[in-house]
Structure formats: structure tokens, C-alpha cells
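The residues making up each chain are set out below.
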Amino acid sequence: MMTIHENDDRHLFDAIPAIDFDASKRLHIELVNAAQREGLLDVAYRTINTPVGELLLAATERGLVRVAFARQGHDEVLESLAATISPRILRTPDRLEKVARQIEQYFSGQRRTFDLPLDWRLSRGFRLNVLSHLPDIAYGRTASYAEVAVAAGSPRAVRAVGTACATNPLPVVVPCHRVVRSDGTSGGYVGGVEAKAMLNLEAA
């Protein structure tokens, strides 16, 4: 049985080459470029730090398809995108630079509306109808679930409006945080406490 002496510990990993992070970055860029040239990149993603935590941003060729808070589990969100859209997913920060910049401008108080192409494929039917009306709620304002139900053409579908907001795949950009209960309190928003933070930001 071979015994490794304590004094020899520093030699154990001498044969392992140091990681060349610059080379790894270049290889990743080349991989992304090749995937895009060959039409093999269906979903690009990146993360950004914001006042409400780290956000995952994902986009297809149609536009932004997913925004997710850290507490939703970014790995789980990516797995869901792989299952529902395509497994051909790569971390591609440059593809989402415009999205990241506009979200950063929003949180710094420099932007009140978003000018981004959106891919709505993760929402359908009445939920999509509800979400498409949310950008009409002005910055710094709120609307009740009942008011949104009326705007969406189904005044009695208040509960369904709540479900649409709770399952919104594009929070922040599609402002479900502006939809509140009739008493003015936050409802079942996908972002939880993040909703209050964004409403406070807009109120300021």
C-alpha cells in the first residue's frame, strides 16, 4: 500500500495544468458563434444583479422569453426552458445586452417603459390576454385584479387574472407587480417581496 507523506502533499497536483480562464472564455465565444452560424442556438441566457437579487434573462430569436428571480431556482428555470422550448441553450451575455441595459436603467430610475421584442410562447389563452394588458398600467400606478379583468374582457375572471400574474414568465418587463388586491395590498405576484420593492421604486 502506497503511503503519501504530509510533506509531499504540495506535489500532488503539480502535474495538473493551471486553468487558462482567458482561453476558456475564447472557446466559449467560439462555441456560441458557431452555434449561431449553424442555427443551433435556440435559447440564449445570462444573469444580472439587481436591487431585487440576481435575475435570469432568456431570449429566443423572437425576443425575451423568460425573466426569473433567484428564488425561483435558475437551474430549474433553464431545465423548464429546455423541456418546453429547446435543449439548445447557451449562456450568451452579448445576445441579451440590450435587455440587461434596459432593466438596469429601470432599477436606476432612468427608464419607465421597456422597448423590447417579447416572445409570448410561454403564455396562452386568457393568461396571455391578461399579460398583454399589463404594460398599459402606467409607471407608478396600480390596478386591481377586477380592473384588469374588465380590461381583458372578462369582468368575472378575477381569480384567473391572479393566476396569470402569479405565472407571468416575464416579470419586471411585463409589470404584474402593478396589479394589486382591491384593498391595495400585493397579491399572488410571482416575485413575492420583490413586488413591493419595485412599487416603492416607482413611487419614489
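On a predicted model such as this, the values are computed, not experimentally measured, just so you know.

## A closer look at the overall build of the protein
Turning to step 1, where the next piece is worked out: In terms of helices and strands, the protein carries seven helices and six strands.
Turning to step 2, where the next piece is worked out: Sequence-ordered secondary structure for the protein, helices as α and strands as β, is α-β-β-β-α-β-α-α-β-α-α-β-α.
Turning to step 3, where the next piece is worked out: In the protein, buried positions account for 41% of the 204 residues.
Turning to step 4, where the next piece is worked out: Contacts spanning at least 24 positions in sequence make up 62% of the contacts within the protein whose residues lie at least 6 apart.
Turning to step 5, where the next piece is worked out: For the protein, the exposed area adds up to about 12,100 Å²; of that, 51% sits on carbon and sulfur atoms.

## Describing the packing of helix 4 (residues 125–133) against helix 6 (residues 158–166)
Turning to step 1, where the next piece is worked out: Taken N-terminus to C-terminus, the directions of helix 4 and helix 6 make an angle of 75 degrees; their axes are 9 Å apart at the nearest point. Considering their axes alone, helix 4 and helix 6 lie roughly perpendicular with respect to each other. Contacts between helix 4 and helix 6 involve F126, R127, V130 and L131 from the former and A160, V161, T163 and A164 from the latter.
Turning to step 2, where the next piece is worked out: The class makeup of the residues in the contact of helix 4 with helix 6 is six nonpolar, one polar and one charged.

## Some details on the environment of A195
Turning to step 1, where the next piece is worked out: Looking at the secondary structure, you find A195 in helix 7 (residues 193–203).
Turning to step 2, where the next piece is worked out: On the basis of relative accessibility, which here comes to 1%, the residue A195 falls in the buried class.

## Some words on the pattern of salt bridges
Turning to step 1, where the next piece is worked out: Throughout the structure, instances matching the rule amount to six salt bridges.
Turning to step 2, where the next piece is worked out: Here R88 ties to D42 by a salt bridge, and the two come within 2.8 Å at their closest N and O atoms. In this pair, R88 is assigned in the loop between helix 2 (74–84) and strand 4 (89–91) and D42 in the loop between helix 1 (21–37) and strand 1 (43–50), connecting sequence segments 46 residues apart.
Turning to step 3, where the next piece is worked out: Relative accessible area serves as the criterion here: at 36%, R88 is assigned to the partly exposed category.
Turning to step 4, where the next piece is worked out: The exposure class assigned to D42 is partly exposed, which follows from its relative accessible area of 23%.
Turning to step 5, where the next piece is worked out: For E202, the salt bridge identified is with R178, shortest N-O distance 3.0 Å. One end of the pair, E202, is in helix 7; the other, R178, is in the loop between helix 6 and strand 6 (179–180), with 24 residues separating them in the sequence.
Turning to step 6, where the next piece is worked out: Within the structure, one salt-bridge network assembled from shared partners comprises R62, D119 and R121.

## Notes on the confidence of the model for the protein
Turning to step 1, where the next piece is worked out: With 75% of its residues at a pLDDT of 70 or more, the protein has an overall mean of 85.
Turning to step 2, where the next piece is worked out: Confidence, expressed as mean pLDDT per element, reaches its minimum in the protein at helix 1 with 54 and its maximum at helix 3 (residues 97–107) with 98.

## A few points about helix 6
Turning to step 1, where the next piece is worked out: Taken residue by residue, helix 6 has V161, G162, A164 and C165 as its buried positions. Seen along its axis, helix 6 keeps its buried residues to an arc of 160 degrees; they face one direction.
Turning to step 2, where the next piece is worked out: Residues of helix 6 that are buried make contact with helix 4, helix 5 (145–151) and strand 6.

## Some words on the packing of aromatic side chains
Turning to step 1, where the next piece is worked out: Taken as a whole and judged by the stated rule, the model has three aromatic pairs.
Turning to step 2, where the next piece is worked out: Aromatic pair Y106 and Y139: ring centres 6.3 Å apart, planes at 80 degrees, arrangement edge-to-face. Of this pair, Y106 sits in helix 3 while Y139 sits in the loop between helix 4 and strand 5 (143–144), placing them 33 residues apart in sequence. Taken individually, Y106 and Y139 each receive the classification buried, so the pair is uniform in this respect.
Turning to step 3, where the next piece is worked out: Within the aromatic cluster, the residues linked to one another by ring pairs are Y106, F107, F114 and Y139.

Here is what the cut-offs are and how they apply
- Residues numbered from 1 in each chain as written.
- Predicted model: local features only at pLDDT ≥ 70, side-chain atom pairs only at ≥ 80, totals over all residues.
- Heavy atoms only, no water.
- Helix = DSSP H or I, 4+ residues; strand = E, 2+ residues; numbered from the N terminus.
- Buried < 20%, exposed > 50% of the residue type's maximum accessible area, 1.4 Å probe, protein only.
- Contact = heavy atoms within 4.5 Å.
- Areas by Shrake-Rupley, 256 points an atom, 1.4 Å probe, with all protein chains shown as cover.
- Axes fitted to C-alpha atoms, helices over the stretch in contact; angles between N-to-C directions.
- Parallel < 35°, antiparallel > 145°, perpendicular 65-115°, else oblique.
- Nonpolar A, V, L, I, M, F, W, Y, C, P; charged D, E, K, R; others polar.
- Salt bridge = Lys/Arg side-chain N within 4 Å of Asp/Glu carboxyl O.
- pLDDT = per-residue confidence, 0-100.
- Arc of directions from axis to C-beta.
- Phe/Tyr/Trp six-rings, centres within 6.5 Å; stacked < 30°, edge-to-face > 60°.

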